Amino acid sequence: MGTTLELPQFKAVFSKGEGNFPLVLVAGGRQPEPWWFQDLCQSRRVWAIDSGIDLCRKNFVLPDLFIGDRDSASAEGILWAESKKIESMTFPPEKNLTDLQIALREKGLRWPGTPAILTAGFGGRFDHLFSNIFSLIWGGEEWRSFTRCIADDKEALLLLRGGEDVGVSGLETGTLISLLALSDRCLGVCLEGTRWPLEEAVILKNRPYAVSNYSVTGNLRLGIDEGWIGLYVRKP
């Protein structure tokens, strides 16, 4: 049947699994527009990761869990979480895992294999974004924490593993599309619905040529035989 991801700007159906993405992980990066964030969280469970609690407070979104070391959450956000009696998991700042990695591990324990969306994961420091992307892959492989999407109102990154494909619909014509190799080699890459399609292509991490493509219809499909690949989508 596939796993369906519905964002305000498009819909994606992953070939593996079934159901939808019932959980939103809220990080502390660039904040999405209020209307987008509220739409995303509607009818989904929400986990606030450290300063993600401030985004939730600002937009009147009540999370189910507040998790992190509290080194970036504001005092107001912490007090708000306490006043709302939100479940809290607190860790010392001196630790071996990032707050996101701890949240992914906890998600694997509570909801193994259940799909989730990470928002407020873009913007800010490049090292944080780099860690976020590869932490989602690590979390999926080690803790069965299926989190295949980082998104906000401006851009999105979908993660695809070898043997999978994803169909995306509802795109604006001219939407920016890039493919990012997240493993050393991506084999058997097929892309349809863009200005420059691909068929059984090989994309290497150290030869990132498959960028700055664009959609020519409202739909596209990406498949990969081997490796990890990121489908980057940005509104025109």
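Remember, predicted model here, so these are calculated numbers, not experimental data.

A. Main features of helix α4 (residues 99-110). Compared with an ideal rise of 1.5 Å per residue, which puts 12 residues at 16 Å, α4 spans 16 Å between its outermost C-alpha atoms and is within 8% of the ideal. α4 sits mainly inside the fold: 9 of its 12 residues count as buried. Among the residues of α4, those classed as buried are Asp 99, Leu 100, Gln 101, Ile 102, Ala 103, Leu 104, Glu 106, Lys 107 and Gly 108.

B. Just the pattern of salt bridges, in detail. In this structure the tally under the stated criterion is 15 salt bridges. Where Glu 155 meets Arg 30, a salt bridge forms, and the shortest distance between an N and an O atom there is 2.6 Å. On the criterion of sequence distance, the pair formed by Glu 155 in strand β10 (residues 155-161) and Arg 30 in the loop between β4 (23-26) and α1 (34-41) is long-range, its members being 125 residues apart. Judged by its relative accessible area of 9%, Glu 155 falls in the buried class. Since its relative accessible area comes to 27%, Arg 30 is described here as partly exposed.

C. Representation of the pairing of strand β17 (residues 228-234) in the model. Where burial is concerned, most of β17 is hidden: 6 out of the 7 residues are buried. One ladder, built from 7 bridges, connects β10 with β17; its direction is antiparallel. Within β17, the position partnered with Arg 161 by the bridge is Trp 228. Sheet topology places strand β12 (residues 176-181) next to β17; 6 bridges connect them, and they run antiparallel. Its bridge partner lying in β17, Ser 178 is registered against Tyr 232.

D. Examining the packing of α4 against helix α5 (residues 126-143) more closely. Where α4 contacts α5, the two axes come as close as 10 Å, and the packing angle between them is 25°. It follows from the interaxial angle that α4 and α5 lie roughly parallel. The element α4 and its partner α5 pack so that their crossing is right-handed. From α4, Leu 100, Gln 101, Leu 104, Arg 105 and Gly 108 reach across to α5, where they touch Ser 131, Asn 132, Ser 135, Leu 136, Trp 138 and Trp 143. In terms of residue class, the contact of α4 with α5 is built from 5 nonpolar, 5 polar and 1 charged.

E. Spatial organisation of the sheet that holds strand β8 (residues 116-119). One open sheet holds the 10 strands; their spatial order is β7-β6-β5-β4-β8-β9-β10-β17-β12-β15, and the pairing between them is mixed. The open sheet has two edge strands with one neighbour each: β7 (87-90) and β15 (213-214). Pairing geometry for β4 and strand β5 (residues 45-49), over 4 bridges, is parallel. Following the sheet pairing, Val 26 is matched in β5 by Ala 48. Against the sheet, α4 engages β4, β5, β6 (65-68), β7, β8 and β9 (147-151), with an angle of about 145° to β5.

F. The packing of aromatic side chains, seen in detail. Going through the model one piece at a time under the given rule, you end up with 6 aromatic pairs. On the basis of an interplanar angle of 85° and a centroid distance of 5.7 Å, the ring pair of Trp 196 and Tyr 214 is categorised as edge-to-face. Of the two residues, Trp 196 sits in the loop between β13 (185-192) and β14 (198-204) while Tyr 214 sits in strand β15, which places them 18 residues apart along the sequence. Taking relative accessible area as the criterion, Tyr 214 reaches 32% and is therefore assigned partly exposed. Here the aromatic cluster, defined as three or more aromatic residues joined through ring pairs, consists of Phe 14, Phe 21 and Phe 146.

G. Structural detail: the nonpolar core. In terms of nonpolar packing, the biggest core is built from 50 residues, with Leu 7, Leu 158 and Leu 231 touching the most fellow members. Residues Leu 23, Ala 27, Leu 100 and Trp 228 belong to the second largest nonpolar core, which totals 27 residues.

H. Quick look at α1. Those residues of α1 that sit buried are Trp 36, Phe 37, Leu 40 and Cys 41. Buried positions in α1, seen along its axis, are confined to an arc of 120° and lie on one side of it. In this structure, the buried side of α1 is in contact with β4, β5, α2 (52-58), β8 and β9. Trailing α1 by a residue or two, Ser 43 shows a phi angle of about 65°, which is positive.

Reading guide: rules and limits
Residues numbered from 1 in each chain as written. Predicted model: local features only at pLDDT ≥ 70, side-chain atom pairs only at ≥ 80, totals over all residues. Heavy atoms only, no water. Helix = DSSP H or I, 4+ residues; strand = E, 2+ residues; numbered from the N terminus. Expected span 1.5 Å × (residues − 1). Buried < 20%, exposed > 50% of the residue type's maximum accessible area, 1.4 Å probe, protein only. Salt bridge = Lys/Arg side-chain N within 4 Å of Asp/Glu carboxyl O. Pairing = 2+ DSSP bridges. Axes fitted to C-alpha atoms, helices over the stretch in contact; angles between N-to-C directions. Parallel < 35°, antiparallel > 145°, perpendicular 65-115°, else oblique. Left-handed = near helix turned anticlockwise from the far one by under 90°. Contact = heavy atoms within 4.5 Å. Nonpolar A, V, L, I, M, F, W, Y, C, P; charged D, E, K, R; others polar. Phe/Tyr/Trp six-rings, centres within 6.5 Å; stacked < 30°, edge-to-face > 60°. Core = buried A, V, L, I, M, F, W, Y, C linked by side-chain atoms within 4.5 Å. Arc of directions from axis to C-beta.

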